[in-house]
Amino acid sequence: MSDAPVVNKKVLGLFALAMINVAAVLSIRNFPSMAVYGWSCIGWYIIGAIVFLIPISLAGAELATGWPEGGGVYAWVKQAFGEKGGFVALFCEWSNNLVWFPTVLSFTASTLAFALTPDLAANPWFMFSVMMIVFWGTTAIAYFGEETSTKFSNIGVILGSIVPSLLIIGLGLWWLGSGQKIVIPHFTLAQTVPTINLSTLPFFATIVLLFAGMEMAGFHALETKNPQRDFPRAMALSAVIIVICTVLATLAIAIVIPASQLNLASGVMQAIQYFFDAAGIAWLVGPMALLITLGGVVNLAAWLIGPAKGLGIVAEEGNMPPIFDRTNKYGAPVAVLLIQALIGSVVSLLYVFLPSVNQAYWILSAMTVELLCIVYILVFAALIKLRYSKPDTPRPFKIPGGMIGVWIVGGLGLFGTVLSFIVGLMPPMYFTNWAVYVGSVLLGTFLLAVPPLIFLKFKHPGWLKKQKSGEQP
Amino acid sequence: MTLSKNGEICLVLIVAVMFILPCLMLGLIYESEPYHVIPGEPVKAAADAAGISVVDVKGTLWNMAGATGGKTYTLTDPEGDIAYVAIQAFNSAESRDAAVRLYNAHAPGKGKHVGNMIVAGQYLIYATPANSPIFAKLVPALQQAAKTTT
C-alpha cells in the first residue's frame, strides 16, 4: 500500500466507457419479472426511458464533459452545491450498494448452482461460500486497478450480458418465424399502455431505477483518454445497447413463456430452461447459466468499483480520515475496497441466514430506492443549477435547446426521481402499520446517508494527503 | 474539531456499525417464519373468509428444488379488483428459504419486486400486482392460518 499520489493511466476509450455503463445497467435477471407485463412492458420501458434513461444519459454527458474530473457524481454535484452536497450524493451511491450487494451475489450463486446442481441453492453454506468468493474475487480484480478491471468488464459484459441477451432475442425471432404459438395476445398499440393505479404505482420507482448506473462511466474520468469526446458517445452507445437488449429480450420471453410460469418471477434460469426446452435446445441451459453467472459478476463489479473509486477521491481530498485514502501502486482505493468488502460480507451473512424475513427485505430494498433517488435528485438539480452558476464553463457536449432544453431534461429527471422517492415510501398493502414502515425506511436511509456530514464535522487539515507528503494543503 | 488516530478509528467503526445496524435491527424486529405444515387450502379459506371470489384455479409446480406443488388462484373482490395469488409448498425449511432467496435476488434492477410474497408454514404465497388490495385482505387470514399446525 502507498500513500503517495498515483498517476492515473489513461486506458479507457469509447468502447470501454460504454461497456462500464452496460455492465452496470444491463441485467438479464430483470427480464422475466418484466415479461410478466406482456406487451405493456413496452409502455413501462418507455416511461423509464422518458423520465430517467434519456435525462440521466444527457445530464451525465454534459456534466462529464464539463467537469471531467475523478469522482463522477461527487465532482458534478460538488460544483453545484459544494463539498457537502457532492459527498452526500456519492456516499448515497456507495451506501445503497451495501444493501444491494447481497441481492446480486445471491443471484450469481443461485445461477451457478443451477449450472451445477439446482439443489445446491438450498444449501445456505454453498450460497454464502460462493457469494464470498465472488465478492472478494471481484474486490481482488478491483485491487489490480483500472486496466485489469476494464479488461474483465469488457469481456465479461459481452459474454455475460450481451451474448445471452442476443441469444434470447434470436430465439424469440426464431419462435415467431417458425410459426409457434405466441402466449400473449396479438399486438395492438393499446396493449402497450401500462395500467397505472395505486396497485402498480410502487412499480414506478422500480422502472425508473431499472436504468440506474448510466452515470457509472463518470467515476472513471481520470483514466479516460479523451473524456470530452468519448463520454457523450459512450452514453449514447450504451443507452442504445441497453434499450435494444432489454426491450427485445423481455418481449422474447413474454411471447414464449406463459405469464403463469413467470408468475413467481421464479428466476431467470427457470424461465430460460422453459424457453430452451420449448426450442429443443435444453443442452444450452448449463452453458447459458455459466454466462449469466459471469454477467452477474460483471454487474456487481461495475457497482463495486465505480463508487469506491469516487470515495477514494473524496478521501484523497481530505474529507475522510486517512485510513480511507490508502491507494496501491495500481491506483486502486484499497482501504475503501476492503471496508466495503467487510461490511458487505456481514450484510450478506444476515441475508443468507435470515431469508424468510420478507418484511425486512422489503424495507431494505426500499432503502436502496430512497438512497439512489437522493443521488439522482442531486445530479439533476446540479445540471440545472450549473447552467446558471457556471454558464461559461466549456461543455463540449451541451444539452440542446438552451435553458429550455436543460429544464426539460432536468425537470423530467427530477419528476421521475422525486416521484420514485415518494412511492418508494409506500408499503405493500399488507403492512398493517404504515408509520412503522415509513419510519423504518426513512431512519435506515438517514443512517446510510448521514456519514458524510459526520466526516465533514470532524474534518481537519491533517486528513489531506498532500500534507502527509510534506506539501501545503 | 480534531481527532486522534484512535478517534479516527472509532469514527470509522461507528460508520461501519451505522451500515450494519439497520440490517441487524430489521432481522431482529421481524421474526423468521418457522417451518411447519399448514393443513387445507389456506388461500381458498382466506378468500372465502374475506368475501373474495375465486375466478379460476390452476395447479402449478414451480421449477425449484424442494417444491412439491401448489395452485394459482385468480381472485376478484366486489370492487372489481383482480389479483393473481400463487401458493407453493416446499418439503423443507431449507428449500423454502432457498426459494425466498431466489425471489429476493430477482428484484428488477435496484428496485422492488413486481409482486408481494409472504411465507406461511410450508408455503410461499406470491401475489401480483405488488400493492393488490385483495392480497391486503387475504394476509390477516393467511397469517392466522400460519399459526395453525397439524
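Bear in mind that the values here come from a model prediction, so they are computed numbers and not experimental data.

Student: Where do I start with the overall build of chain B in this structure?
Tutor: Check the secondary structure of chain B and you find 4 helices and 5 strands. Along chain B, helices and strands appear, N-terminal first, in the series α-α-β-β-β-α-β-β-α. Against the compact-globule benchmark of 15 Å for 150 residues, chain B has a radius of gyration of 20 Å, which places it well outside the compact range. In terms of principal-axis extent, the alpha carbons of chain B reach across some 70 × 35 × 30 Å. Counting all 150 residues of chain B, 51% fall into the buried class. Within chain B, counting contacts between residues at least 6 apart in sequence, those at least 24 apart form 57% of the total.

Student: Is there a simple way to explain the overall build of chain A in this structure?
Tutor: The helix and strand tally for chain A stands at 17 helices and 0 strands. Here chain A has a C-alpha radius of gyration of 22 Å; the compact-globule value for 473 residues is 23 Å, and the two agree. Counting only C-alpha atoms and orienting by the principal axes, one finds that chain A spans roughly 70 × 55 × 50 Å. Put simply, chain A has 473 residues, and 61% of those count as buried. Of the contacts formed within chain A by residues at least 6 apart in sequence, a portion of 84% connects residues at least 24 apart.

Student: When you look at the domain arrangement of chain B in this model, what are you seeing that I'm missing?
Tutor: One frequently used descriptor of interface size is the decrease in accessible area upon assembly of the parts. Domain assignment breaks chain B into domain 1 (1-30) and domain 2 (42-146). Between the C-alpha centres of domain 1 of chain B and domain 2 of chain B the distance comes to 37 Å.

Student: Quick question: what am I supposed to make of helix H14 (residues 402-423) of chain A here?
Tutor: Along an α-helix, residues three or four apart share an orientation, since each turn contains 3.6 residues. Here H14 of chain A is 22 residues long and its end C-alpha atoms lie 32 Å apart, about the 32 Å a rise of 1.5 Å per residue gives. Of all the residues in H14 of chain A, the buried ones are Val406, Val409, Gly410, Gly413, Leu414, Gly416, Thr417, Ser420, Phe421 and Val423 of chain A.

Student: Can you walk me through the pairing of strand S5 (residues 123-128) of chain B in this structure?
Tutor: The two faces of a sheet get side chains in turn, since along a regular strand they alternate between them. All names here are of chain B. In terms of burial, S5 is largely enclosed, as 6 of its 6 residues are buried. Residues of S5 alternate between two faces, with Tyr123, Ile125 and Ala127 on one and Leu124, Tyr126 and Thr128 on the opposite face, all of them buried. Of the strand pairs in this sheet, strand S3 (residues 82-90) and S5 are connected by 6 bridges, and their pairing is antiparallel. Within S5, the position partnered with Ala86 by the bridge is Tyr126.

Student: I would appreciate a short explanation of the nonpolar core in the present structure.
Tutor: Considering soluble globular proteins, one finds that nonpolar side chains tend to be buried as a cluster. Formed by 220 residues in total, the largest nonpolar core has its most connected members in Ala89, Ile253, Ala301 and Val379 of chain A together with Val85, Ile125 and Leu138 of chain B. Tallying contributions element by element places helix H4 (residues 73-116) of chain A first for this core, with 24 residues. Both domains that furnish three or more residues to this core are identified here as domain 1 (1-30) and domain 2 (42-146) of chain B. Not counting the four nearest positions on each side in its chain, Val379 of chain A is found in contact with Ala59, Val73, Trp76, Val77, Ala89 and Glu215 of chain A.

Student: Before we go on, may I ask you to explain the sheet that holds strand S1 (residues 53-60) of chain B in this structure?
Tutor: Strand pairing in a sheet takes place through backbone hydrogen bonds and is either antiparallel or parallel in direction. Residue and element names in this part refer to chain B. The sheet built from 5 strands is open, its strands ordered S1-S2-S3-S5-S4 with antiparallel pairing. Two strands bound the open sheet, and with one partner strand each, they are S1 and strand S4 (116-120). Sheet twist, expressed as the mean angle between neighbouring strand axes with direction ignored, is 20 degrees. Two elements, strand S2 (residues 67-76) and S3, share 9 bridges in a ladder whose sense is antiparallel. Within the sheet, the bridge partner assigned to Gly70 lies in S3 and is Gln88.

Student: Even after reading the chapter, I still don't get the interface of chain A and chain B, so can you show me in this structure?
Tutor: In this complex, chain A contributes 72 residues to the contact, which on the side of chain B involves 65 residues. Ranked by residues supplied to the side of chain A that touches chain B, first place goes to helix H13 (residues 358-389) of chain A with 12 residues. Here the side of chain A that touches chain B is composed, by residue class, of 46 nonpolar, 23 polar and 3 charged.

Student: What exactly am I supposed to notice about helix H15 (residues 434-449) of chain A here?
Tutor: Residues and elements named next belong to chain A. End to end, H15 covers 22 Å across 16 residues, agreeing with the expected 22 Å (1.5 Å per residue, within 8%). For H15, the set of buried residues is Ser440, Val441, Gly444, Thr445, Leu448 and Ala449. All buried residues of H15 lie within an arc of 150 degrees about the axis, which places them on one face of the element. In this structure, H15 carries Ala435 and Gly439 as exposed residues pointing more than 90 degrees from its buried face.

Student: I would appreciate a short explanation of the confidence of the model for chain A in the present structure.
Tutor: Reading predicted coordinates in detail is not appropriate for stretches of low pLDDT. Chain-level statistics for chain A give a pLDDT mean of 88 and a share of 94% at 70 or above. The least confident element of chain A, judged by mean pLDDT, is helix H17 (residues 465-468) of chain A at 54; the most confident is H14 of chain A at 95.

Student: Can you help me understand the packing of helix H1 (residues 14-25) of chain A against helix H8 (residues 227-256) of chain A in this one?
Tutor: The axes of two packed helices give the description: the angle between them and the distance between them. All names here are of chain A. As a packed pair, H1 and H8 sit with axes 8 Å apart at the nearest point and diverge in direction by 45 degrees. Here H1 is positioned oblique relative to H8, judged by the angle of their axes. H1 and H8 meet at a crossing whose hand is right-handed. Residue-level inspection shows Leu14, Leu17, Ala18, Asn21, Val22 and Val25 of H1 in contact with H8, the latter providing Asp230, Phe231, Arg233, Ala234, Leu237, Ser238, Ile241 and Ile242.

Student: Sorry, what's going on with the environment of Pro129 of chain B here?
Tutor: Inspection of the secondary structure puts Pro129 of chain B in the loop between S5 and helix H4 (133-146). Each C-alpha atom of the pair Pro129 of chain B and Val85 of chain B lies 9.3 Å from the other, and the pair is 44 residues apart in sequence. In contact with Pro129 of chain B, not counting residues within four places along its chain, are Ser199 and Thr200 of chain A together with Gly115 of chain B.

Student: Even after reading the chapter, I still don't get the packing of helix H3 (residues 40-66) of chain A against H14 of chain A, so can you show me in this structure?
Tutor: Residues and elements named next belong to chain A. Packing of H3 against H14 brings their axes to within 8 Å, and their N-to-C directions diverge by 130 degrees. Relative to H14, the element H3 lies oblique. For the pair H3 and H14, the sense of crossing is left-handed. Contact residues: H3 offers Ile50, Val51, Phe52, Pro55, Ile56, Leu58 and Ala59, while H14 offers Val409, Gly410, Leu412, Gly413, Phe415 and Gly416. Per-class residue counts for the contact of H3 with H14 are 10 nonpolar, 3 polar and no charged.

Student: Looking at this structure, how should I read the environment of Glu223 of chain A?
Tutor: Topologically, Glu223 of chain A is positioned in the loop between helix H7 (202-209) and H8. Residues Glu223 of chain A and Lys10 of chain A, spaced 213 residues apart in sequence, show a C-alpha to C-alpha distance of 4.2 Å.

Student: Looking at this model, I keep getting lost on the environment of Gly213 of chain A. Mind explaining?
Tutor: Residue and element names in this part refer to chain A. Within the secondary structure, Gly213 is located in the loop between H7 and H8. A tally of 27 C-beta atoms within 10 Å means that Gly213 is categorised as buried. On a C-alpha basis, the gap between Gly213 and Asn21 in space is 6.3 Å, while along the polypeptide they are 192 residues apart. In this structure Gly213 touches Asn21, Ala24, Val25, Ala302 and Trp303, once residues within four positions along its chain are discounted.

Thresholds, definitions, all that
Residues numbered from 1 in each chain as written. Chains lettered and ligands numbered in written order. Predicted model: local features only at pLDDT ≥ 70, side-chain atom pairs only at ≥ 80, totals over all residues. Helix = DSSP H or I, 4+ residues; strand = E, 2+ residues; numbered from the N terminus. Rg over C-alpha atoms; globule rule 2.2 N^0.38 Å. Buried ≥ 20, exposed ≤ 12 C-beta atoms within 10 Å, placed from the backbone. Contact = placed C-beta atoms within 7 Å. Domains from an automatic or database assignment. Expected span 1.5 Å × (residues − 1). Pairing = 2+ DSSP bridges. Core = buried A, V, L, I, M, F, W, Y, C linked by C-beta atoms within 7 Å. Axes fitted to C-alpha atoms, helices over the stretch in contact; angles between N-to-C directions. Nonpolar A, V, L, I, M, F, W, Y, C, P; charged D, E, K, R; others polar. Arc of directions from axis to C-beta. pLDDT = per-residue confidence, 0-100. Parallel < 35°, antiparallel > 145°, perpendicular 65-115°, else oblique. Left-handed = near helix turned anticlockwise from the far one by under 90°.

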